[in-house]
Amino acid sequence: MKKVFFKSEKAEWEDLGAGVSRQIMGYDGKIMLVKVKFEQKAVGAMHCHVHSQTSFVSEGVFEVTIGGQMQILRAGDSFFVPSNEEHGVVCVEAGVLVDNFSPAREDFLK
């Protein structure tokens, strides 16, 4: 049976180093939901990927750069990253981003 429920308290956090960790919260081949926790001043380095991405700021404050444009986003805000657009974040106040990827990030799966 395909896994359809993901409980936060049971999902493992993967330490990515430098104050960043992620928790995969649900996926199939077409879509993936991931929580990413940042300590204050942690950096999600500039990068790009073929996946379209939406992100919701669940907690904290982030400096978000997408395609050379920068905005300060707080809890309740969100952003969209088109496929192959360079983007990254700097965590101003410790927080959590909830990322949605399409298609799923196969590279995140072990």
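Going by the structure above, here's the rest.
I will try to describe carefully the structure that is included in this document.

## Quick notes on the side chain of glutamine 53
Part 1: By the element assignment, glutamine 53 lies in strand β5 (residues 52-66).
Part 2: You can call glutamine 53 buried: its relative accessible area is 5%.
Part 3: Contacts of glutamine 53, omitting those with residues within four sequence positions, involve Phe79, Phe80, Val81, His87, Asp99, Asn100 and Phe101.

## Regarding the pattern of salt bridges
Part 1: Taken as a whole and assessed by the stated rule, the structure comprises two salt bridges.
Part 2: When the shortest N-O distance is used, the salt bridge between arginine 22 and glutamate 14 registers 3.3 Å.
Part 3: Classification of arginine 22 by relative accessible area gives buried; the value is 12%.
Part 4: Owing to a relative accessible area of 24%, glutamate 14 belongs among the partly exposed residues under this scheme.
Part 5: Across the pair aspartate 107 and arginine 105 runs a salt bridge whose closest N-O atoms are separated by 2.6 Å.
Part 6: According to the relative accessible area criterion, arginine 105 is buried, its value standing at 9%.

## What about the nonpolar core?
Part 1: Counting 20 residues, the largest nonpolar core has Phe38, Phe62 and Phe79 as its most contacted members.
Part 2: Residue assignment for this core shows that the elements contributing at least two residues are β2 (20-27), β3 (32-38), β5, β7 (78-81) and β8 (87-102).
Part 3: In this structure, phenylalanine 62 is in contact with Phe38, Val57, Gln71, Ile72, Leu73, Val89, Val90, Cys91, Val92, Gly95, Val96 and Leu97, ignoring residues within four places of it in sequence.

## With respect to the packing of aromatic side chains
Part 1: Summed over the entire model, instances satisfying the criterion amount to three aromatic pairs.
Part 2: Geometrically, the ring pair formed by phenylalanine 38 and phenylalanine 62 is edge-to-face, given 5.2 Å between the ring centres and 80 degrees between the ring planes. Residue phenylalanine 38 is found in strand β3, and its partner phenylalanine 62 is found in strand β5; the two are separated by 24 residues along the sequence.
Part 3: With relative accessibility at 6%, the residue phenylalanine 38 sits in the buried group.
Part 4: Judged by its relative accessible area of 0%, phenylalanine 62 is buried.
Part 5: For the ring pair phenylalanine 101 and phenylalanine 108, a centre distance of 5.6 Å and an interplane angle of 85 degrees mean the geometry is edge-to-face. Taken as a pair, phenylalanine 101 and phenylalanine 108 share a single burial class, namely buried.
Part 6: Of note, lysine 37 hangs over the ring of tryptophan 13, and the distance from its end group to the ring centre comes to 4.3 Å.

Thresholds applied
Residues numbered from 1 in each chain as written. Predicted model: local features only at pLDDT ≥ 70, side-chain atom pairs only at ≥ 80, totals over all residues. Heavy atoms only, no water. Helix = DSSP H or I, 4+ residues; strand = E, 2+ residues; numbered from the N terminus. Buried < 20%, exposed > 50% of the residue type's maximum accessible area, 1.4 Å probe, protein only. Contact = heavy atoms within 4.5 Å. Salt bridge = Lys/Arg side-chain N within 4 Å of Asp/Glu carboxyl O. Core = buried A, V, L, I, M, F, W, Y, C linked by side-chain atoms within 4.5 Å. Phe/Tyr/Trp six-rings, centres within 6.5 Å; stacked < 30°, edge-to-face > 60°. Lys NZ or Arg CZ within 6 Å of the ring centre and 35° of its normal.

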